[in-house]
Amino acid sequence: MQTHQILSGLLAAATILVSSASQADDLPADTNGRFTQARSRTFRTFDTRTQQTWQGPYFFLQLADTQYGMFTGNKGFEKEVALSQQAVEHINRLRPRYVIVCGDLTNASPEHARYGAQVQQYKQDFSAIHDDIPLVCVCGNHDVGNRPTAKSIATYNHNFGDDYFGFWVGGVCNVVLNSSVLKDPTGAPEVLDAQQKWLDQQLAAAREAQAKHIFLFQHHPLFLTKEDEPDQYFNIPLVRRTPLLEQLKQADVRAVFAGHYHRNAYGRAGAMEMVTTGPVGRPLGKDPSGFRIVTVHETSIQHQYYGMDDVPEKINLTETPNAP
Ligand SMILES: [Zn+2]
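These numbers were taken from a predicted model, which means no experiment stands behind them.

Student: Quick question: what am I supposed to make of the overall build of the protein chain here?
Tutor: Scanning the protein chain from terminus to terminus reveals 9 helices and 13 strands. Here the protein chain, with 324 residues, has 54% of them falling under the buried criterion. Considering only contacts within the protein chain whose residues lie at least 6 apart along the sequence, 70% involve residues at least 24 apart. Per element, the accessible surface of the protein chain, about 14500 Å² overall, is 53% carbon and sulfur.

Student: Where do I start with the nonpolar core in this structure?
Tutor: Generally speaking, nonpolar side chains in soluble globular proteins are found buried as a group. In terms of nonpolar packing, the biggest core is built from 64 residues, with Leu 63 and Tyr 122 touching the most fellow members. Counting residues in hydrophobic clusters, the runner-up holds 25 residues, among them Phe 43, Trp 54, Tyr 58 and Val 296.

Student: Can you help me understand the coordination of the zinc ion in this one?
Tutor: In an ideal octahedron of six donors the angles at the metal are 90 or 180 degrees, and in an ideal tetrahedron of four donors they are 109.5 degrees. Binding of the zinc ion to the protein goes through Asp 104 (OD), Asn 141 (OD1), His 219 (NE2) and His 260 (ND1), at separations of 2.1 to 2.2 Å. Here the zinc ion binds 4 donor atoms, and the angle range of 87 to 168° at the metal identifies the geometry as irregular. Counting along the primary sequence, the residues that act as donors to the zinc ion give the motif D-x36-N-x77-H-x40-H. One end of the pair, Asp 104, is in the loop between strand S4 (99-101) and helix H4 (115-126); the other, Asn 141, is in helix H5 (residues 141-144), with 37 residues separating them in the sequence. The pair Asp 104 / Asn 141 is uniform in exposure class, with both members buried.

Student: Help me understand the side chain of His 213 in this model?
Tutor: You can see His 213 is positioned in strand S8 (residues 213-217). Given a relative accessible area of 2%, His 213 falls into the buried group. A polar atom in the side chain of His 213 sits 3.1 Å from the side chain of Arg 254. With near-sequence residues (within four places) excluded, His 213 lies in contact with Gly 171, Val 172, Cys 173, Arg 254, Val 296, His 297, Glu 298, Thr 299, Ser 300 and Ile 301.

Student: Explanation requested: the packing of helix H8 (residues 189-208) against helix H9 (residues 238-250) in the structure shown.
Tutor: Between two packed helices, the angle of one axis relative to the other and the distance separating the axes together describe the packing. At a closest axis distance of 11 Å, the pairing of H8 and H9 adopts a crossing angle of 15°. The angle between the axes of H8 and H9 places the two elements in the roughly parallel class. Of the two possible hands of crossing, H8 and H9 adopt the one that is right-handed. Residues Leu 192, Gln 196, Leu 199, Asp 200, Leu 203 and Arg 207 of H8 form the contact with H9, whose own contacting residues are Arg 240, Leu 244, Gln 247, Leu 248 and Gln 250. Partitioned by chemical class, the residues of the contact of H8 with H9 number 5 nonpolar, 3 polar and 3 charged.

Student: Explanation requested: helix H3 (residues 78-94) in the structure shown.
Tutor: Think of an α-helix as 3.6 residues a turn; residues three or four steps apart then line up on the same face. In this model, H3 (17 residues) spans 24 Å end to end at C-alpha, consistent with the 24 Å of a helix rising 1.5 Å per residue. Taken residue by residue, H3 has Glu 80, Val 81, Leu 83, Ser 84, Ala 87, Val 88, His 90, Ile 91 and Leu 94 as its buried positions. Residues of H3 that are buried sit in contact with strand S3 (58-63), S4, H4 and strand S12 (290-296). Positive backbone phi, approximately 55°, marks Arg 95, located one or two places after H3.

Student: Any chance you could explain the sheet that holds strand S5 (residues 135-137) here in plain terms?
Tutor: Across a sheet, strands are paired by hydrogen bonds formed along the backbone, either parallel or antiparallel in direction. Taking strand neighbours across the sheet as the criterion, the 5 strands line up as S5-S4-S3-S12-S13 in an open arrangement whose pairing is mixed. The open sheet has two free edges, formed respectively by S5 and strand S13 (301-307), since each of these has just one partner strand. The average undirected angle you get between the axes of adjacent strands in this sheet is 20°.

Student: Quick question: what am I supposed to make of the packing of aromatic side chains here?
Tutor: Applying the stated rule across the entire model yields 24 aromatic pairs. Ring-pair connections join several aromatic residues into one group, and the members of that group are Phe 43, Phe 46, Phe 60, Tyr 98, Phe 165, Phe 167, Phe 215, Phe 217 and Phe 257. Against the face of Tyr 261 rests Arg 263, its NZ or CZ located 4.0 Å from the ring centre.

Student: Would you take a moment to explain the pairing of S12 for this structure?
Tutor: Within a regular strand, side chains alternate between the sheet's two faces. Within S12, 7 of the 7 residues are buried, which leaves it mostly tucked inside the rest of the structure. The alternating pattern of S12 places Gly 290, Arg 292, Val 294 and Val 296 and Phe 291, Ile 293 and Thr 295 on opposite faces, both of which are buried. Across 5 bridges, the pairing between S3 and S12 is antiparallel. Within S12, the position partnered with Gln 62 by the bridge is Arg 292. Examined bridge by bridge, S12 and S13 share 7 bridges and lie antiparallel to one another. Looking at S13, one finds that Gly 290 is bridged to Gly 307. Linkage of S12 to S13, two consecutive antiparallel strands, is achieved through a turn of 4 residues.

Student: Help me understand the confidence of the model for the protein chain, please; the structure alone is not making it clear to me.
Tutor: Detailed reading of the predicted coordinates is not advisable wherever pLDDT falls low. Looking at the protein chain, pLDDT values average 91 and 88% of them are 70 or higher. When the criterion is pLDDT under 50, residues 9-27 qualifies, and its contacts beyond four places in sequence or with other chains add up to 7 contacts.

Basis of the calculations
Residues numbered from 1 in each chain as written. Predicted model: local features only at pLDDT ≥ 70, side-chain atom pairs only at ≥ 80, totals over all residues. Heavy atoms only, no water. Helix = DSSP H or I, 4+ residues; strand = E, 2+ residues; numbered from the N terminus. Buried < 20%, exposed > 50% of the residue type's maximum accessible area, 1.4 Å probe, protein only. Contact = heavy atoms within 4.5 Å. Areas by Shrake-Rupley, 256 points an atom, 1.4 Å probe, with all protein chains shown as cover. Core = buried A, V, L, I, M, F, W, Y, C linked by side-chain atoms within 4.5 Å. Donors = N, O, S within 2.8 Å, 3.2 Å for Na, K, Ca; no water. Tetrahedral: all angles 85-135°; square planar, octahedral: opposite > 155°, others 65-115°. Polar contact = N/O pair within 3.5 Å; in protein donor to acceptor, adjacent residues only side chain to side chain. Axes fitted to C-alpha atoms, helices over the stretch in contact; angles between N-to-C directions. Parallel < 35°, antiparallel > 145°, perpendicular 65-115°, else oblique. Left-handed = near helix turned anticlockwise from the far one by under 90°. Nonpolar A, V, L, I, M, F, W, Y, C, P; charged D, E, K, R; others polar. Expected span 1.5 Å × (residues − 1). Pairing = 2+ DSSP bridges. Phe/Tyr/Trp six-rings, centres within 6.5 Å; stacked < 30°, edge-to-face > 60°. Lys NZ or Arg CZ within 6 Å of the ring centre and 35° of its normal. pLDDT = per-residue confidence, 0-100.

The following block contains the structure:
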């Protein structure tokens, strides 16, 4: 009887050890909770109540398409590691208010054999960012699949937190969307419906709280250069793009920041800017690997893309901003 109890106790302890070890494998470098801040539709680092107030100009960095594995078709990720580590050096020197990565963190999707290794390397490299600089991750089509499902989104949620959420930084309302369900909602129509209802509430709350600016972040550009351009691989289909653009214009959204295109592109929908940013990883055009620096003033914003070898030493926030 006693031996049996001891044995089952040992078995239970072994089971706990095994399961905690496998959880540790899934979240290898998240000792400070950096990759689990997007929860309950908010980003926990930023306290909504205190961050709804303007606290002076600041800048943040927008990255996209680290896409570990793209250079080699998932055989390795040495080039992505080198480029990401270069980005992290710039981040730690510049000290932005926060960093946001607009999707395609890895090249492999959740069902792919190389997915776990790529996620692990991404987390290892980006964990080197200084503890007091928040890192916000956004899901792309490679992160949840070209036709996202409840299962693929759940895998993303496990590794990186919510796929859509909002957060305030110094008087600015930031909205992050899962654009892969806007691109193709057929595998998870209930997610697109829930996201739309949530977006309606977020935009109403931003108006109520008198946000200085509203920014939207997602992986897919709504459009590349013209708001009514024809549907193609890199934009959101007109059937969902047109009503969303109308809603964003009505809500006075200042800018939409995206990636996915692996080069830069710019357009406008009324007063709203559509900003598509080149990749940290593999470029598909003439723009080199790099990232965007966005400076936020009370009534205006400025942004510029820098190749990884051309990033300035520091950012001067006292420069006179252009007219809004
Ligand atoms: Zn993409």
